Each structure stands twice: as structure tokens, then as C-alpha cells.
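# Structure at a glance
One letter stands for each residue in the lines below.
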Amino acid sequence: MERLFRLSERGTNPRTEILAGLSTFLTMAYIVVVNPSIISAAGIDPGAAFVATCLAAAIGSMLMGVIANFPIALAPGMGLNAYFAFAVVQGMGVPWQVALGAVFLSGLLFFAVSIFRVREWLVNGIPLSLKFGIAAGIGFFLGLIGLRGMGLVVPHPATLVGLGPLAVTSTIIACGGFLLIAGLSARGVPGSIVIGIIITALAGIPFGLTTFHGIASMPPSLAPTFLQLDIAGAVGLGITGIVFTFFIVDLLDNTGTLIGTVHRAGLMNKDGTVPNLGRALVADSTGAMMGAVLGTSTTVSYIESAAGIQAGGRTGLTAVTVGVLFLLALFLAPLATSIPGFATAPALVFVACLMAKALAELNWEDATDYMPAIVTALAMPFTFSIATGIGLGFITYAGVKTLAGRPGEVHGAVWLIAALSLLKFALL
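Here's a quick rundown of the structure. (Residues numbered from 1 in each chain as written. Predicted model: local features only at pLDDT ≥ 70, side-chain atom pairs only at ≥ 80, totals over all residues. Heavy atoms only, no water.)

Scanning the chain for helices and strands turns up 20 helices and four strands. Taking 22 Å as the expected radius of gyration for a compact globule of 428 residues, we find that the chain reaches 21 Å, a close match to that expectation. Out of the 428 residues in the chain, the part that is buried amounts to 55%. Here the analysis covers contacts within the chain between residues at least 6 apart in sequence; of these, 81% occur between residues at least 24 apart. Here the chain holds 17 positive side-chain charges and 16 negative ones, and the gap between their average locations is 5 Å. (Helix = DSSP H or I, 4+ residues; strand = E, 2+ residues; numbered from the N terminus. Rg over C-alpha atoms; globule rule 2.2 N^0.38 Å. Buried < 20%, exposed > 50% of the residue type's maximum accessible area, 1.4 Å probe, protein only. Contact = heavy atoms within 4.5 Å. Lys, Arg positive; Asp, Glu negative; His and termini not counted. Charge placed at Lys NZ, Arg CZ, Asp CG, Glu CD.)

Spelled out as C-alpha cells, the structure:
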């Protein structure tokens, strides 16, 4: 263990690392309930989705711990799972098997970029303002889905969307659930999202809104989703835009999380670079491919890993501990499948609020920086497409900088993505 994780070198010990892993797990355990509820909307078997979520999180976290020796856990990403289910499958009519093929191809592309060191060119070329806009936009996208799940947002023929009926029991309970999650989080209670989801679900039992299936049992079958991805179908449909969207969001999400968590752990190099970045991204991309094979949307690094780092986690043993706990969670399928949609929707809105904080980092004194970021953030929920938001944001950035007489500030990566996005929109 000492040779593998270099515990003494980083000033830690097994007990501290294991407790840190428990802290991280508690803050992100909500994903075993929320992710199956989202991707099952794509037609995926809920039981298999639960198993795929747990296994993808376990494998991804262990890969990160062993390969990169970072205290960072992985799981299917929020935002990308909603894009997978609601935008790609429901919105575009793509079969979920083909969508899983697109997730696999994006992971393969991510792996290639990590191996051949193109990642530095891409990561360094995308301006911080667009990264902030993408993060906030994904949050707004999640928020819209969550508000709809709570019953607060409904379709309206004149205004497109409107306020739903507030006298509905499930809506009242869901609103209380959001306030509970927010209040517990403000108090610094570990696992506030999980606690809020469970209490919200329990509140629905007297009204017949929640059906209790038990607590523990043997895991459901993974057969409905295992190896069901259709890679040939993904290539044959020519869904390059979908693959690229999964890839670019995965790359930006993982890079941002790695920078933030590694800095907080005090593991960043003196020049501000991330040590073992290549290994970390290889672990991330491999986790994404494994997730697609198992039957879930893109696996990413979780910012909730900061909870374990705050508890003293400094090595990959923290991430491995998280992986083991996700394996143990496999036996809680009855409890997870008892959670209704109105209980998980408040968690989506809460996560959306957290992600919206990225807008505070924008340079509000430079319109050429903040305007493209705002276009990106607004376009995602209002077009109901993360891909469209990214494309419009990059086009706006290149256009505004050029018209402002500052085309030299536009990196080649931005020009490339903007050109590809223009071509995609022209062919629609």
C-alpha cells in the first residue's frame, strides 16, 4: 500500500484515507438514485441502470486511484446523463443503444487525446470564460429538468413554459425537499443530498406517492444493458455532433475538476500544472468507455471529491475506498428503486445552483469575455441542447473578439470548434 499510494510521502495514513473516501462517497452517493432515474427515461431498464451506475463509479474511481494516485472519485456525470436521455434519445429519436455507442466513441477520442498529448492544445486553447459558461449552462439545463420534475415548470402554448399547479401534493413535497437539501448543505451536513432525497421520498408514502420495495437484496441483472452499445450504429448515423459534445464536455468537466481538486489537495506543481495529468485523463477516458459498455452515460471526475480532500485525503487510496463503497451499494437496489422522480428532482435543482456559481468567475469588465459565456449558458436550457449552447458560445466568442479588433486573442482550438459548429448548423 505504501509503494502504490506513497502515503508517508504525502503525509497521510490508511485510516485518514479511508475516512476521506467515506466522506466523498456520502456527498456523491445520490448518483446511484438520480442517474438511473434520468437514463431510464431513455428506455433503459432501471435495475440495470442502477447496477451500471454503481459499477461505472466503482471502476472509474479505482482506476483514478491506482493509475493517477489522486483522491478523486468518478461516476456518471450530471448534465451529460440528462443530455443523453432527454436531448439525444428523446429529442433526436436516437436509440439508447446507439447513444451508448456515441458515449463509447467520445471516451475513445478522449483516450486518444490523452495519449497523444493533444489535450494541452485543447485545454489551454479554450478560454476560461467559455469554460465557466459551459459549467453554468449545464447547471441551467439540469435546473430546467429538475423544475419540470418537481412540477413547477410546465409547457404553455403562449409563453412556451409556465408555472405548474402548486396545490399538487408531490410538488409541495418536492419543494420542501429542495429547501431541506439546501438547508442541510448550508449547515455543512455530510450527505445532505442523499438525506434530502430519502426524507422527501418517505414524505410521499402516506399519500401513496412512494412505494417501498425494501432496503437490501442481491443486485438486479445487468444483462439488459451490458454490451448493448451500438458503435456501428453511432458511426452509421453520422452523429459526429453528439460524439463531439460528449467529448468536449467530458474534457472540460474533467480538466476543471482535476485542477480544482488537485489544487485544494496541495498536489499541484509549482508552475501551476497538474502532475500526472495524462494518467488522470487516461483513467477518466477509460472509465467513460467502461461506463458505456456497462450501460450508462459518460463517467466523469466528481467535484464532490473535495469533501474527501477536506477530510485529509491525499492519495489514490481515498478514491479506491469510494470504489469499494459503490460496490457495496450494489446491494441497496430495492431502496434506490423505491425513490420516485419528485424526490430526485430537487437534487437536480440543487446541483444546478452549485454549478451556476461559475458565472461569478467571469470578467464582467470585458464584454468580449462575458457575453459569449452568457450566450452559452442561456442557449443550453432554451434550446434544450448542451451541444447547441457550446456551438453558439464558441461562434459568438470568435465573432465578438474579431469585431472588437482582437482576433489575435482567439486560440486555434476556438476557431476549429466554431468552424465545426457553423458547419453543423448549416447542415441542419
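Now that the structure is up, let's keep going.
As a further point, take the nonpolar core. The biggest cluster of nonpolar side chains holds 111 residues, and the ones touching the most others in it are Met64, Phe70, Met78, Phe84, Phe246, Phe326 and Phe394. Of the residues forming this core, the biggest block, eleven residues, is contributed by helix α4 (residues 46-68). Contacts of Phe326, omitting those with residues within four sequence positions, involve Phe25, Met28, Ile31, Val32, Cys54, Ala57 and Ala58. By size, the runner-up hydrophobic cluster in this structure holds seven residues, among which are Met150, Ile173, Phe342 and Ala345. (Core = buried A, V, L, I, M, F, W, Y, C linked by side-chain atoms within 4.5 Å.)

With that out of the way, let us pick up helix α3 (residues 31-39). Of all nine residues making up α3, eight are buried, and the element is well covered by its neighbours. Along α3, the positions that sit buried rather than exposed are Ile31, Val32, Val33, Val34, Asn35, Pro36, Ile38 and Ile39.

Moving on, we come to the environment of Ala136. Along the chain, Ala136 turns up in helix α8 (residues 128-150). Along the sequence, Ala136 and Leu354 sit 218 residues apart, while their C-alpha atoms lie 8.7 Å from each other. What Ala136 contacts, discounting residues up to four positions off in sequence, is Met355, Ala356, Ala358, Leu359 and Ala377.

All told, the structure shown has zero disulfides when counted by the stated rule. In this structure Cys353 is a free cysteine whose sulfur lies 13 Å from that of Cys175, the closest cysteine sulfur available. For Cys353, a relative accessible area of 43% puts it in the partly exposed group. (Disulfide = S-S within 2.5 Å.)

This paragraph deals with the environment of Ser23. Tracing the chain through its elements places Ser23 in helix α2 (residues 14-28). Here the alpha-carbon distance between Ser23 and Glu304, two residues 281 residues apart in the chain, equals 9.2 Å.

A pair can form between side chains of opposite charge whenever their charged atoms are brought close. For the structure shown, the criterion picks out four salt bridges. With a shortest N-O distance of 2.8 Å, Asp366 and Arg406 are connected by a salt bridge. Note that Asp366 is positioned in the loop between α17 (341-356) and α18 (367-383) and Arg406 in the loop between α19 (386-403) and α20 (412-426), a separation of 40 residues in sequence. Accessibility expressed as a relative area gives 26% for Arg406, which makes it partly exposed. Through salt bridges with shared partners, a single network forms among Asp366, Asp369, Lys401, Arg406 and Glu409. (Salt bridge = Lys/Arg side-chain N within 4 Å of Asp/Glu carboxyl O.)

This part is about the packing of α8 against α18. Remark: α8 packs on α18, axes separated minimally by 7 Å, with the N-to-C direction vectors making an angle of 25°. Relative to α18, the element α8 is oriented roughly parallel. Two packed elements cross with a definite hand, and for α8 against α18 that hand is right-handed. Residue-level inspection shows Ser129, Leu130, Gly133, Ile134, Ala136, Gly137, Ile138, Phe140, Phe141 and Leu144 of α8 in contact with α18, the latter providing Asp369, Pro372, Ala373, Thr376, Ala377, Met380 and Pro381. When grouped by side-chain class, the residues that make up the contact of α8 with α18 number twelve nonpolar, four polar and one charged. (Axes fitted to C-alpha atoms, helices over the stretch in contact; angles between N-to-C directions. Parallel < 35°, antiparallel > 145°, perpendicular 65-115°, else oblique. Left-handed = near helix turned anticlockwise from the far one by under 90°. Nonpolar A, V, L, I, M, F, W, Y, C, P; charged D, E, K, R; others polar.)

Bringing the pairing of strand β2 (residues 153-156) into the picture now. Consecutive residues of a regular strand have side chains that alternate between opposite faces of the sheet. Of the strand pairs in this sheet, β2 and strand β3 (residues 160-163) are connected by four bridges, and their pairing is antiparallel. Each residue of the ladder has a partner; that of His156, found in β3, is Leu160. Counting the residues that bridge the hairpin from β2 to β3 gives three residues. (Pairing = 2+ DSSP bridges.)

You will see that Arg6, though not glycine, has its phi angle at about 55°, which is positive. Mapped onto the fold, Arg6 is located in the loop between α1 (2-5) and α2. Under the relative-accessibility criterion, Arg6 is labelled partly exposed at 30%. Of note in the backbone geometry, Leu227 takes a positive phi value of approximately 60° without being a glycine.

This part covers a nonpolar patch on the surface. On the surface, a cluster of nonpolar side chains totalling about 580 Å² of accessible area is made up of Ile115, Phe116, Val118, Trp121, Leu416 and Leu420. Within the secondary structure, Leu416 sits in helix α20. (Patch = residues over 30% accessible without salt bridge, like charges linked within 9 Å, V, L, I, M, F, W, Y side chains within 5 Å. Areas by Shrake-Rupley, 256 points an atom, 1.4 Å probe, with all protein chains shown as cover.)

Here we take up the packing of aromatic side chains. Summed over all chains, the structure comprises four aromatic pairs. Ring centres of Trp364 and Tyr370 lie 5.2 Å apart, and the angle between their planes is 35°; on these two criteria the pair is classed as tilted. Trp364 gets classed as partly exposed once you look at its relative accessible area, which sits at 44%. (Phe/Tyr/Trp six-rings, centres within 6.5 Å; stacked < 30°, edge-to-face > 60°.)

Moving on to α18. Residue pairs spaced three or four apart in an α-helix point in one direction, given the helix's 3.6 residues per turn. With 17 residues, α18 extends 23 Å from end C-alpha to end C-alpha; this agrees with the ideal 24 Å at 1.5 Å per step. Packed against the buried residues of α18 are α8 and α19. Positive phi shows up at Phe384, right after α18, with a value of about 55°. (Expected span 1.5 Å × (residues − 1).)

What follows deals with the side chain of Thr286. Take Thr286: it is sitting in helix α13 (residues 277-294). A distance of 2.7 Å separates a polar side-chain atom of Thr286 from the backbone oxygen of Val282. Sequence-distant contacts of Thr286, that is, excluding residues within four places in its chain, are made with Leu63 and Phe111. (Polar contact = N/O pair within 3.5 Å; in protein donor to acceptor, adjacent residues only side chain to side chain.)

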